[in-house]
Structures are given as C-alpha cells and as structure tokens.
Amino acid sequence: MDSSKKQLQEMVVTSNYMITSDCFVVECFNPTQQIPKIVPGQFAQLKIDDNPAVFLRRPFSIHDYDEKKNTISFMIKIVGNGSKSLSALNVDTAINVMFPLGNGFTVEAAAGKKSLLVGGGVGIAPIYLLAKTLRQQNCDFDVILGGKSAEDLLRYDDFVAFSKVYCTTEDGSKGCKGFVTNHRQLAADVKSYDNIYCCGPTPMMKAIADVAQNNGVNCEVSLENKMACGFGVCLCCVTPTTSGNECVCAKGPVFNANDLKW
C-alpha cells in the first residue's frame, strides 16, 4: 500500500559498486531532510545529469532502505545510457530523487502467514527489501531466486541470512537447472504458502501467477513496464486489468495477479 506522498529530494551518493559484470548498487543519503517511509515494491525516478543523450528520469525499484541511516539504495542493471551514467557516479555526487512512487507489496498480508518470495534476474531488486522487511517483522517466508547463471543470483548470501533460499540457473551452475517456474518447491509445496510475492521477467511472473491461481494461493507481482513520468500522466506504462486500463506507475507497480489481464 502507498504510505507517503511523493517528494523531490536532493541526495548524495555514499557508495556505488558493481556486484556483477553488468549490475551495480548505488546508495544515496539525504543530509538535510528525512527520507519518507518506504513500502517494499515502491520505486523512484532518478534524474540523470551531465548526459545530453538522456532527457527523462529513469525509474528504479527501491532495493534497500535504512530509516536510521537515512539512506536508500538501488540495484541497477546497465542496459543503456541512463543506467551507464548512474554506474559512473562518484561518492559525494549530488543526485535528485523523486520518490516514493507507486504502490508496494501488501506486507501486512504476510503477518501470521507463510509466504514465498520469487525473484528473477534484476527483478530480485525489490524482493530484497521485502525479505528484509518481513524478517524484521518476524514473518515466515522462503525465497526462490533465478538467473541465467550463478553470477545472476544477486545478493544470494544476503538472502540466506534472512530465510531459506532455493535457486535455479539456466546453465545449471547453481541450484536446480532451469527456470524458477520449474523449481520443485513450486511443484511440490506451493499449497503450503498463503502468499506469493514475485518480480522478474513478464513470462516468469505470468507462469508463477498461473501456478498460484491454480492452487488457490494469493499472488502479487511487480510489473516492470517502461515508465516516463512516474505518476500517471504520460500513459506510456498502461496495462490492461479487470478494472480497465491502468497506469502501472500509479496503480502499481505491484498488482494482485488476479487483477491483471495478461
């Protein structure tokens, strides 16, 4: 659920480091203004300066949030000019952040229940903050991570500190060989879960949603549609739902899977 009004904050980069050959984590700190409460699954729009090829802000899931340190972090894969520019930001560089945007996962639904968190590729980014939040609230949950290879199982060791972690890789370099949707945990024990929270490639999320629906398990997915404005004006991120066409940035990015017309 959305808990805060969006803000524009001038922040400072406190760290920026690669975690794989094409993925990095950048942490931002606000020395003068309190960061609003973040719900796992919400996102931010980052302004990219000093790059004439990038005109619009870029949307990224909020990967981590530390209320005491007043920091937020983003896990970003380098795919174009915008993300490449962000990967080169030095410590102490100023960065303008518009956040928190959208609606996150319904964390309260996990209380007293057992949940399964599923992340594929860089879709693992918002799942990390969700896992961290559920652990802080003493919720019961497992995690399935998927990637092309072991390198793509982003922050695997950190997830292990939160819960039991299953994994799949397409090349078989770690865990089960194949996709997360083929993992035996889904086939054998999906009915042991009350909730499934998922983020990753659309085909993966569709498949997870089908498994959940066929077994009567509540399922929420975080869509990764292309966004420009971040608050429902430009209409470039519209997706069909049972209530009509909705802007992912405003009504999502997290939706109950049953509300989507895939």
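No experiment lies behind these values; they were computed from the predicted model shown. (Residues numbered from 1 in each chain as written. Predicted model: local features only at pLDDT ≥ 70, side-chain atom pairs only at ≥ 80, totals over all residues. Heavy atoms only, no water.)

### With respect to the overall build of the protein chain
Operational definition: To qualify as a helix, a DSSP run of H or I must reach at least 4 residues; to qualify as a strand, a run of E must reach at least 2; elements of each kind are numbered from the N terminus. When we talk radius of gyration, it's over C-alpha atoms, and the globule rule is simply 2.2 Å times the number of residues to the 0.38. Any two residues whose heavy atoms approach within 4.5 Å at even a single point are treated as in contact. Using a 1.4 Å probe, accessible areas were evaluated by the Shrake-Rupley method; residue-level cover was limited to the displayed protein chains.
What the protein chain contains, in helices and strands, is six helices and 16 strands. Taking 262 residues into account, the globule formula puts the C-alpha radius of gyration at 18 Å, and the protein chain, at 18 Å, falls close to it. Referenced to the eigenvectors of the C-alpha coordinate spread, the extents of the protein chain come out at roughly 50 × 40 × 35 Å. Considering only intrachain contacts with a sequence separation of at least 6, the fraction spanning at least 24 residues in the protein chain is 63%. Carbon together with sulfur atoms contributes 49% to the accessible area of the protein chain, which is approximately 11,900 Å² in total.

### Remarks on the sheet that holds strand 9 (residues 140–147)
Applicable threshold: Between any two strands, pairing holds if DSSP finds at least two bridges. Interaxial angle, 0 to 180 degrees, is taken between N-to-C directions of lines fitted to C-alpha atoms, where a helix line uses only the stretch in contact.
Taken in spatial order, the seven strands of this open sheet run 11-10-9-8-12-13-16, and their pairing is mixed. Single-partner strands in this sheet number two, and they are strand 11 (176–177) and strand 16 (254–256). By the bridge criterion, five bridges tie strand 12 (residues 195–199) to strand 13 (residues 218–222) in an arrangement that is parallel. Counterpart to Y197 in the pairing with strand 13 is E220. Packing of helix 2 (residues 124–136) onto the sheet brings it into contact with strand 8 (114–120), strand 9 and strand 12, and relative to strand 8 it is tilted by some 155°.

### Section: the environment of P201
Formally: Under the scheme applied here, a residue whose accessible area is under 20% of the maximum for its type counts as buried, over 50% as exposed, and between as partly exposed, the area being computed with a 1.4 Å probe on protein chains only.
Along the chain, P201 turns up in the loop between strand 12 and helix 5 (202–214). The class for P201 is partly exposed, based on a relative accessible area of 44%. Counting along the chain gives 42 residues from P201 to F159, while the straight-line C-alpha distance between them is 20 Å.

### Remarks on the pairing of strand 3 (residues 43–46)
The side chains of a regular strand alternate, first on one face of the sheet and then on the other. Residues of strand 3 alternate between two faces, with F43 and Q45 on one and A44 and L46 on the opposite face, all of them buried. Relative to strand 4 (residues 58–61), strand 3 is paired through four bridges, and the arrangement is antiparallel. Within strand 4, the residue paired with A44 across the bridge is F60. Across three bridges, the pairing between strand 3 and strand 7 (residues 94–101) is antiparallel. Note that in strand 7 the partner of Q45 across the bridge is M98.

### What to know about the nonpolar core
Soluble, globular proteins show a tendency: their nonpolar side chains are buried together. Stated formally: Put simply, buried Ala, Val, Leu, Ile, Met, Phe, Trp, Tyr and Cys residues joined by side-chain atoms within 4.5 Å make one nonpolar core.
Residues V118, I196, I208, C219 and V221 are the most contacted members of the largest nonpolar core, which totals 30 residues. Looking at this core, the elements with two or more residues in it are strand 7, strand 8, strand 12, helix 5, strand 13 and helix 6 (248–251). Residues in contact with V118, not counting those within four places in the same chain, are I127, I144, V180, I196, Y197, C198, C199, M204 and I208. Listed in part, the 28 residues of the second largest apolar core include L130, L134, L153 and C167.

### Notes on the environment of N258
Where we set the bar: For the purposes of these results, a polar contact is taken to be a pair of N or O atoms within 3.5 Å, where, inside protein, one atom must be able to donate a hydrogen and its partner to accept one; residues adjacent in sequence count only when each atom of the pair is a side-chain atom.
Positionally, N258 belongs in the segment after strand 16. The spacing of N258 and V221 is 37 residues in sequence and 9.8 Å in space, taken between C-alpha atoms. Ignoring any residue separated from it by four or fewer positions in sequence, one finds N258 in contact with Q213 and T242. A polar side-chain atom of N258 sits 3.3 Å from a polar atom in the side chain of Q213.

### Here we look at the sheet that holds strand 2 (residues 23–29)
Strand order in the open sheet made by the seven strands is 4-3-7-1-2-6-5, with antiparallel pairing throughout. Only two strands of the sheet have a single neighbouring strand rather than two, namely strand 4 and strand 5 (64–66). Across this sheet, the average inter-strand angle for adjacent strands is 35°, counted without regard to direction. Most of the contacts of helix 2 go to strand 5, to which it runs at about 40°, and overall it touches strand 4, strand 5 and strand 6 (71–77).

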